[in-house]
Amino acid sequence: MSQPLLEARGLTKRFAAPSGLFGPRREVHAVEDVSFSIRKGEVLGLVGESGSGKTTVGRMVMGLIRPTSGQILVEGQDIGNLSAAQMLPWRRRIQMVFQDPFASLNPRRRVGDLIAEGMEIHGIGDRASRRAEVARLLDLVGLPADAADRFPHEFSGGQRQRIGIARAVAVNPDLLVADEPVSALDVSVQAQVLNLLLDLRERLNLTILFISHDLAVVEHFCDRVAVMYLGRLMELAPRESLFARPRHPYTEALLSAAPIPDPTRQRSRIVMEGDIPSPIDPPSGCVLRTRCRHATAACAQSVPPLIEAAPGHFKACHRDDIL
Amino acid sequence: MTAAPLLEIANLRAVFDTPRGRVVSVDDVSLSIPAGKTLGLVGESGSGKSVTSLSLMRLIARSGGRIEAGRMILRPAGGREIDLAALPEPAMREVRGRDIAMIFQEPMTSLDPVWSIGDQIAESVRLHQGVSRREARARAIEMLRLVGIPAPERRVDDFPHQLSGGMRQRVMIAIALSCRPGLLIADEPTTALDVTIQAQILDLIRRLQADIGMAVLFITHNMGVVAEIADRVAVMYAGQVVEEAPVAEIFATPRHPYTQGLLASIPGTTAPRPDRRLPTIGGMPPSPLNRPEGCRFAPRCAFATDACRAAVPPLEDIGGDRKVRCIRWQEVSQ
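Residues numbered from 1 in each chain as written. Chains lettered and ligands numbered in written order. Predicted model: local features only at pLDDT ≥ 70, side-chain atom pairs only at ≥ 80, totals over all residues.

When helices and strands are tallied, chain B shows 13 helices and twelve strands. Structurally, chain B occupies a C-alpha span of about 65 × 50 × 50 Å along its principal axes. Taking all 334 residues of chain B together, 47% fall into the buried category. Relative to all contacts within chain B whose residues are 6 or more apart in sequence, the contacts with residues 24 or more apart total 63%. (Helix = DSSP H or I, 4+ residues; strand = E, 2+ residues; numbered from the N terminus. Buried ≥ 20, exposed ≤ 12 C-beta atoms within 10 Å, placed from the backbone. Contact = placed C-beta atoms within 7 Å.)

Here is the structure:
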């Protein structure tokens, strides 16, 4: 068994919550004890609703924020607590694609410069070779060569996302963290960008951490899927296994709530009551218990560990008599 | 003999004058909704779906546009018949909220942050129904209960920032439905919400629709949501309706090449190809300042011929309660 490219071990992030001058110190439990690994060439989907902690996990993997505790191992080395200088070579190896193609590109720089910026920072090539590389990258992501001399505002949302992708792959990364990369795009454009990511994955042998709230997109795109709720991992399984037979009540409810573009499909929807609780004061024991129709008294007592319910299929649920 | 529809839009044209020229955002759009039914209006950014709804509410002038042609006949209870396109503004102000109500994507920006939610519901009731302050408050509590807000007697004095996104959307719905309008316009009302909350709100709209018997114009880009909520679906592209049909038919047998392409590009609607690539529609929608002469979809359409490029195809009645704006729909459907 080869070493995973990326491994998260007991990843935890707590932020100080605004508490007022005299109030007690409070913490937002953004991510609690999350562990997973990604093999080279694999696409791992990270799904969850707002406040699930999926974006915070992505930002820790990127080295944008430090974990409160736990480790992020790349090829066995912990990068979670490196200094900025020590982190630099790792930054080249891990690149990010953002959700909003309008906010993530500097509007005053030409597209060619935006794409070449990473190569410059990491001292890759000289001016002439970078210019040639930009032309190759534009072609790779399906943009015309003259795009290099234009500004981001001259492009549509889908084209801007292609620019963002070209910028990310320019420094030849091993891992791409894609945080909701197609959520802001129209359906037909979304399909084009997903196809591009599939092309690049094959051509560049990319490993991708794909963060999304859209289950249909995740089912289409990912090899394995991790489901998060209120900062914790609920279920982690290969795609087929997760969608064919979810083993966690949260995943079951999430799948049943997602609207399906087929009006003839009769579904018994499991409507999850209530709102997601505050991460400042998450429920004791299993964080889902306040909204879970299967919850028992035992669920409030202790946090359920992530156990292997079937080969490669993990779930964190006290009830082993359901699903 | 079927009753005349509650809403009948005929040949609506809405335009914006921009520094770069005149933009026809909604071009010759005709739609109707029977009382108690839901019409799903779908399309991508810039297709004209939201401008259609702003025209109906006569809020388009605030965004710098105007209604240039067409009629928008509303038939509220009591046998009245109103042309919203020609109604003087003071009369229109009474129609808004009483006969037509609207909910938007972002409930936080639509609610006033300095008023309690109870006051905001009561304002609408007092404005249109002239009841006392005490009655209006009781009505506000009743509406909050109806939209599923727990402990409404206490929540009525909360301010918008004290509520979650899903709860705010429930409050918006409570305000919108407080006068029991005949028509609710819902413009992407669940787009900003998480899926489990979206499921709750869709259930709520369906339940209240059955209770009140109102018609709903449901605007969305999400084909999954439309499949769940609509009785009929109209698909817009570049300012025009390109296809209209009962919901089951539009998903089972789309007739317009754009509808076909749109549905096929959604993950999970067709069996995945071995290489997992999604079918895509090549190119992009045309700029509203520079639309093609004939069929607006022709430059992206695999079926396009010279005839398609020569003249704008009519929205043809093809039987089975369906319409399609494509002169080659029979070949396309083979």
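There is more to say after this.
Scanning chain A for helices and strands turns up nine helices and twelve strands. Scaling as 2.2 N^0.38, a compact globule of 323 residues should have a C-alpha radius of gyration of about 20 Å, and chain A matches this with 21 Å. For chain A, long-range pairs separated by at least 24 residues make up 65% of all intrachain contacts whose partners lie at least 6 apart in sequence. (Rg over C-alpha atoms; globule rule 2.2 N^0.38 Å.)

Contacts between the two partners involve 30 residues from chain A and, on the opposite side, 37 residues from chain B. Elements with a contribution of two residues or more to the side of chain A that touches chain B: helix 6 (187-204), helix 7 (215-221) and helix 9 (249-257) of chain A. Top contributing element to the side of chain A that touches chain B by residue count: helix 6 of chain A, with seven residues. When grouped by side-chain class, the residues that make up the side of chain A that touches chain B number 16 nonpolar, eight polar and six charged. (Nonpolar A, V, L, I, M, F, W, Y, C, P; charged D, E, K, R; others polar.)

Another aspect to go through is the sheet that holds strand 5 (residues 82-83) of chain B. Residue and element names in this part refer to chain B. Read from one edge of the open sheet, four strands run 2-1-4-5, paired in antiparallel fashion. What marks the edges here is a single partner per strand, and that holds for strand 2 (21-33) and strand 5. Pairing between strand 1 (residues 7-18) and strand 4 (residues 65-74): eight bridges, direction antiparallel. Looking at strand 4, one finds that Ile 9 is bridged to Met 72. (Pairing = 2+ DSSP bridges.)

What follows concerns unusual backbone geometry. A positive phi is found at Glu 180 of chain A, a non-glycine position, where the angle reads about 50°. Mapped onto the elements, Glu 180 of chain A comes out in the loop between strand 7 (175-179) and helix 6.

Right, let's get into helix 1 (residues 54-61) of chain A. Residues and elements named next belong to chain A. Taking burial as the measure, the eight residues of helix 1 include six buried ones, the bulk of the element. If you check which residues of helix 1 are buried, you get Lys 54, Thr 56, Val 57, Gly 58, Met 60 and Val 61. Looking one or two residues past helix 1, Gly 63 carries a phi angle of roughly 80°, positive in sign.

Another aspect to go through is the nonpolar core. Core analysis: the biggest nonpolar cluster contains 182 residues, and Leu 209 and Phe 210 of chain A together with Leu 183 of chain B have the highest contact counts within it. When residues in this core are grouped by element, the largest group, eight residues, is from helix 7 (residues 165-177) of chain B. Not counting chain neighbours up to four residues away, the residues in contact with Leu 209 of chain A comprise Ile 38, Leu 44, Leu 46, Gly 58, Val 61, Leu 175 and Val 177 of chain A. (Core = buried A, V, L, I, M, F, W, Y, C linked by C-beta atoms within 7 Å.)

This brings us to the pairing of strand 6 (residues 100-103) of chain B. Residue and element names in this part refer to chain B. Of the two faces of strand 6, both are covered, the one formed by Ile 100 and Met 102 as well as the one formed by Ala 101 and Ile 103. Pairing between strand 6 and strand 7 (residues 183-187): four bridges, direction parallel. Bridging from a neighbouring strand, Met 102 pairs with Ile 185 of strand 7.

In this section: helix 7 of chain B. When the terminal C-alpha atoms of helix 7 of chain B are compared, their 18 Å separation across 13 residues agrees well with the 18 Å that a helix rising 1.5 Å per residue should span. With twelve of 13 residues buried, helix 7 of chain B is to be regarded as a mostly interior element. (Expected span 1.5 Å × (residues − 1).)

Residues and elements named next belong to chain A. Taken in spatial order, the four strands of this open sheet run 2-1-4-5, and their pairing is antiparallel. The sheet is open, and its two edges are formed by strand 2 (26-38) and strand 5 (77-78), each paired on a single side. Of the pairings in the sheet, the one linking strand 1 (residues 6-17) to strand 4 (residues 69-74) comprises five bridges and is antiparallel in character. By the bridge assignment for strand 4, Ala 8 is matched with Ile 72. Relative to strand 1, helix 1 is tilted by about 115°, and along the sheet it contacts strand 1, strand 2 and strand 4. (Axes fitted to C-alpha atoms, helices over the stretch in contact; angles between N-to-C directions.)

As a further point, take the packing of helix 3 (residues 111-121) of chain A against helix 5 (residues 157-169) of chain A. Residue and element names in this part refer to chain A. Where helix 3 meets helix 5, the axes come as close as 7 Å, and the angle between the chain directions of the two elements is 30°. When the interaxial angle is binned, helix 3 and helix 5 end up roughly parallel. In the crossing of helix 3 with helix 5, the sense of the turn from one axis to the other is right-handed. Across from Val 111, Leu 114, Ile 115 and Gly 118 in helix 3, the residues of helix 5 making contact are Ile 163, Ala 166 and Arg 167. Along the lines of polarity and charge, the residues of the contact of helix 3 with helix 5 split into five nonpolar, one polar and one charged. (Parallel < 35°, antiparallel > 145°, perpendicular 65-115°, else oblique. Left-handed = near helix turned anticlockwise from the far one by under 90°.)

Before going further, it helps to spend a moment on the pairing of strand 11 (residues 307-310) of chain A. Taken residue by residue, a regular strand's side chains alternate between the two faces of the sheet. Residues and elements named next belong to chain A. Here strand 11 runs beside strand 12 (residues 313-315); their pairing, made up of three bridges, is antiparallel. Directly across from Ala 310, in strand 12, lies its bridge partner His 313. Taking the residues between adjacent antiparallel strands as the criterion, strand 11 and strand 12 are bridged by two residues, where Gly 312 takes a positive phi near 75°.

Residues and elements named next belong to chain B. For the pair helix 7 and helix 8 (residues 195-212), interaxial distance at closest approach is 10 Å and the crossing angle is 15°. Overall, the two elements helix 7 and helix 8 adopt an arrangement that is roughly parallel. Handedness of the helix 7/helix 8 crossing: right-handed. For the pair helix 7 and helix 8, the contacting residues are Gly 165, Gly 166, Gln 169, Arg 170, Ile 173 and Leu 177 in the first and Ile 197, Gln 200, Ile 201, Leu 204, Leu 208 and Ile 212 in the second. Of the residues that constitute the contact of helix 7 with helix 8, the class distribution is seven nonpolar, four polar and one charged.

Geometric values such as these leave the question of function open.
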